Amino acid sequence: MASVSIRNVRKHFGSTTVLHGIDIEVADGEFLILVGPSGCGKSTLLSMIAGLDTVSEGDISIGDRVVNDVSPKDRDIAMVFQSYALYPSMTVGENIAFAMEMRKVPKPERDAVVARVAKTLQIDQLLDRRPAQLSGGQRQRVAMGRALARDPKVFLFDEPLSNLDAKLRVEMRAEIKSLHQRLKSTVVYVTHDQIEAMTLGDRIAVMKDGRVQQLGTPEDIYDRPANLYVAGFMGSPTMNFLPVTLQIEDGRWVVDLRNTQGHAKIVLGAVQDPSWTGRQVVLGLRPEHLHDVKPEHAASLEVVFDMIEPTGADTFGFTEINGSRVAIRLSPKRVRAAGERLHVAVDVSAVCLFDPETERLIAP
Ligand SMILES: Nc1ncnc2c1ncn2[C@@H]1O[C@H](COP(=O)(O)OP(=O)(O)O)[C@@H](O)[C@H]1O
Ligand SMILES: [Mg+2]
């Protein structure tokens, strides 16, 4: 096992720059996620760690060795792609053993590794089948088996679950997580799926346009997003953004929420920087941080839902506050149809404030 250091890494393709100075330190045994929309540079960065793409500027180290000029086969990494190309004419066992055979590992040792990997991935019953006789999930497991057989210093995954149907994706996600907990291997995992990022990552790097927007634990990213982009990328439905004006009362920020039904005074945290007084900011509030309350609740606001979206476990109600569209997570028993009304109150401990000009988090 080993750490991975990415220091001020840039990538140019001709005159286009697709990575603008990436700095990420992946600790030994850490599961690090690179997440971001299509085209933001995730695969390019992963390919550079693997040695399949050259580094234009900066350094990439695996362990304490700079690997910029080390060929892929000497980097001691294993990569699993979205499209896992298995050799169709070989059995599952032969597919897993192939790289070892190339390295002239003796047969008894090969067989032992194949048996161990097959047991880990629960594919011992499939070793004599050919890829055409496997389901999509089983094939993906064999592709992971080939990576595991190499016992590499670092695992690199590039959207390995994207081609699987929703149910299988959830199962494989759980398997990858438990595999990592058992093997404690260093993993860099690329995905565009924010749920995968939140559930798998020890830390997450959120990328956009070739830059890391924020690097932190799933809790950091979800509770204290560094900017409006990260706040909007993580969470579904997305964080609500309301324009509010900051006022001070008794040393705390106070904002007003209003709609066609009335208004509510919301008392926020202690004032750190009074220069914001009277300025308009963006109040960020996730759908689960508005709760239905009794009408007599001091800071409640009555809302009328114009749309209801049941998802089974939760129902999301949509309404307008401060001129912005707002989603509120509710119990399915609470609302059933558009046109229904509820009194809601804000969980003030969960409010984020953003500067509308720089788009950066101001508080907490
Ligand atoms: N070989 C290449 N030549 C030119 N541009 C490329 C090449 N590979 C990738 N790109 C560009 O780099 C950007 C990042 O691509 P990529 O790393 O594949 O993004 P992601 O994996 O996040 O979807 C894209 O704009 C893509 O078009
Ligand atoms: Mg990609």
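Residues numbered from 1 in each chain as written. Chains lettered and ligands numbered in written order. Predicted model: local features only at pLDDT ≥ 70, side-chain atom pairs only at ≥ 80, totals over all residues. Heavy atoms only, no water.

**Q** What am I meant to see in the packing of aromatic side chains here?
**A** Each aromatic ring pair is specified by the distance between its two centres and by the angle formed by the two planes. One pass over the full model with this rule turns up six aromatic pairs. Geometrically, the ring pair formed by Phe157 and Tyr189 is tilted, given 5.5 Å between the ring centres and 40° between the ring planes. Here Tyr189 lies in strand 8 (residues 186-191) and Phe157 lies in strand 7 (residues 154-158), a separation of 32 residues in the sequence. Tyr189 gets classed as buried once you look at its relative accessible area, which sits at 0%. Relative to Phe233, the ring of Tyr229 lies with its centre 6.0 Å away and its plane at 20°, an arrangement referred to as stacked. Linking Tyr229 with Phe233, this pair stays in helix 8 (residues 228-233), spanning four residues, or about one helical turn. Site record: aromatic cluster; members linked through ring pairs are Phe31, Phe155, Phe157 and Tyr189. For the cation-ring pair, Arg286 lies above Tyr222, with the distance from its terminal atom to the ring centre recorded as 3.8 Å. (Phe/Tyr/Trp six-rings, centres within 6.5 Å; stacked < 30°, edge-to-face > 60°. Helix = DSSP H or I, 4+ residues; strand = E, 2+ residues; numbered from the N terminus. Buried < 20%, exposed > 50% of the residue type's maximum accessible area, 1.4 Å probe, protein only. Lys NZ or Arg CZ within 6 Å of the ring centre and 35° of its normal.)

**Q** I keep staring at empty space enclosed by the protein and nothing clicks. Help me out?
**A** Using a probe with the size of a water molecule, rolled over the atoms, empty space left in the structure can be pinpointed. Considering all chains together, one arrives at two cavities of 30 Å³ or more under this definition. Considered as a void within the structure, the largest cavity measures approximately 100 Å³ in volume. If you trace the largest cavity, you find 13 residues lining it, with Leu148, Phe155, Phe157, Leu179 and Ser185 closest to the centre. For the lining of the largest cavity, the secondary structure elements donating two or more residues are helix 4 (136-149), strand 7 and helix 5 (166-183). Here the lining of the largest cavity gets four residues from one element, more than from any other, and that element is helix 5. In this structure, the second largest cavity spans a volume of roughly 30 Å³. For the second largest cavity, the full set of lining residues is Ile62, Arg65, Val67, Arg75, Asp76 and Lys153. (1 Å grid on protein atoms, 1.4 Å probe; cavity = no way out; pocket = protein on both sides within 12 Å on 5 of 7 lines; lining within 4 Å. Points joined across faces, edges and corners; volume = space filled by probe spheres on them.)

**Q** Explanation requested: the domain arrangement of the chain in the structure shown.
**A** Interface size is often expressed as the accessible area that is lost when the parts come together. Segmenting the chain into domains produces domain 1 (4-226) and domain 2 (240-363). Using only C-alpha atoms to locate each centre, domain 1 and domain 2 end up separated by 40 Å. Facing the six residues of domain 1 at the interface are seven residues of domain 2. Around 470 Å² of area is buried between domain 1 and domain 2 when both sides are counted, 50% of it from carbon and sulfur atoms. Considering only the side of domain 1, the residues that lose the most area to domain 2 are Tyr222, Pro225 and Ala226, jointly responsible for 82% of the buried surface there. Taken together, the links from domain 1 to domain 2 amount to zero salt bridges. (Domains from an automatic or database assignment. Contact = heavy atoms within 4.5 Å. Buried area = accessible area lost by both parts, 1.4 Å probe. Salt bridge = Lys/Arg side-chain N within 4 Å of Asp/Glu carboxyl O.)

**Q** I keep staring at the sheet that holds strand 18 (residues 307-310) and nothing clicks. Help me out?
**A** Across a sheet, paired strands are connected by hydrogen bonds in the backbone, their directions being either parallel or antiparallel. Here we have three strands laid out as an open sheet, ordered 18-19-20, and antiparallel in their pairing. The sheet is open, and its two borders are formed by strand 18 and strand 20 (324-330), each paired with just one other strand. Pairs of neighbouring strands in the sheet enclose a mean axial angle of 25°, with direction left out of account. With four bridges joining them, strand 18 and strand 19 (residues 315-321) adopt antiparallel strand pairing. When the bridges of strand 19 are listed, Glu309 appears paired with Phe316. (Pairing = 2+ DSSP bridges. Axes fitted to C-alpha atoms, helices over the stretch in contact; angles between N-to-C directions.)

**Q** I would appreciate a short explanation of the sheet that holds strand 16 (residues 290-292) in the present structure.
**A** Strand order in the open sheet formed by three strands is 16-21-17, with antiparallel pairing between adjacent strands. Two strands lie at the open edges of the sheet, namely strand 16 and strand 17 (301-304), each paired on one side alone. Each strand of the sheet is rotated relative to its neighbour by a mean of 45°, with strand direction disregarded. Note: strand 16 against strand 21 (residues 341-346), three bridges, orientation antiparallel. Looking across to strand 21, one finds that Leu290 is bridged to Val346.

**Q** Explain the layout of surface pockets here, please?
**A** The computed volume of the largest pocket comes to approximately 520 Å³. Around the largest pocket sit 21 residues that line it, and Ala78, Met79, Phe81, Arg146 and Arg150 are the ones nearest its centre. At the level of elements, strand 6 (77-80), helix 2 (92-102) and helix 4 are the ones that each hand at least two residues to the lining of the largest pocket. When the residues that make up the lining of the largest pocket are grouped by side-chain class, the tally is 16 nonpolar, two polar and three charged. Of the pockets and cavities examined, the second largest pocket occupies roughly 260 Å³. (Nonpolar A, V, L, I, M, F, W, Y, C, P; charged D, E, K, R; others polar.)

**Q** Sorry, what's going on with the site of ligand 1 here?
**A** Every residue lining ligand 1 is accounted for by Phe13, Val18, Pro37, Ser38, Gly39, Cys40, Gly41, Lys42, Ser43 and Thr44. Gly39 places a main-chain nitrogen or oxygen 2.6 Å from an oxygen atom of ligand 1. Taking Cys40, its main chain carries an N or O atom lying 3.2 Å from an oxygen atom of ligand 1. Calculation on ligand 1 without its partners gives an accessible area of 560 Å², and the protein chains cover 54% of this total. The element contributing the most residues to the shell around ligand 1 is helix 1 (residues 42-50), with three residues. Across the shell around ligand 1, the residue classes tally to four nonpolar, five polar and one charged. (Near = heavy atom within 4 Å. Polar contact = N/O pair within 3.5 Å; in protein donor to acceptor, adjacent residues only side chain to side chain. Areas by Shrake-Rupley, 256 points an atom, 1.4 Å probe, with all protein chains shown as cover.)

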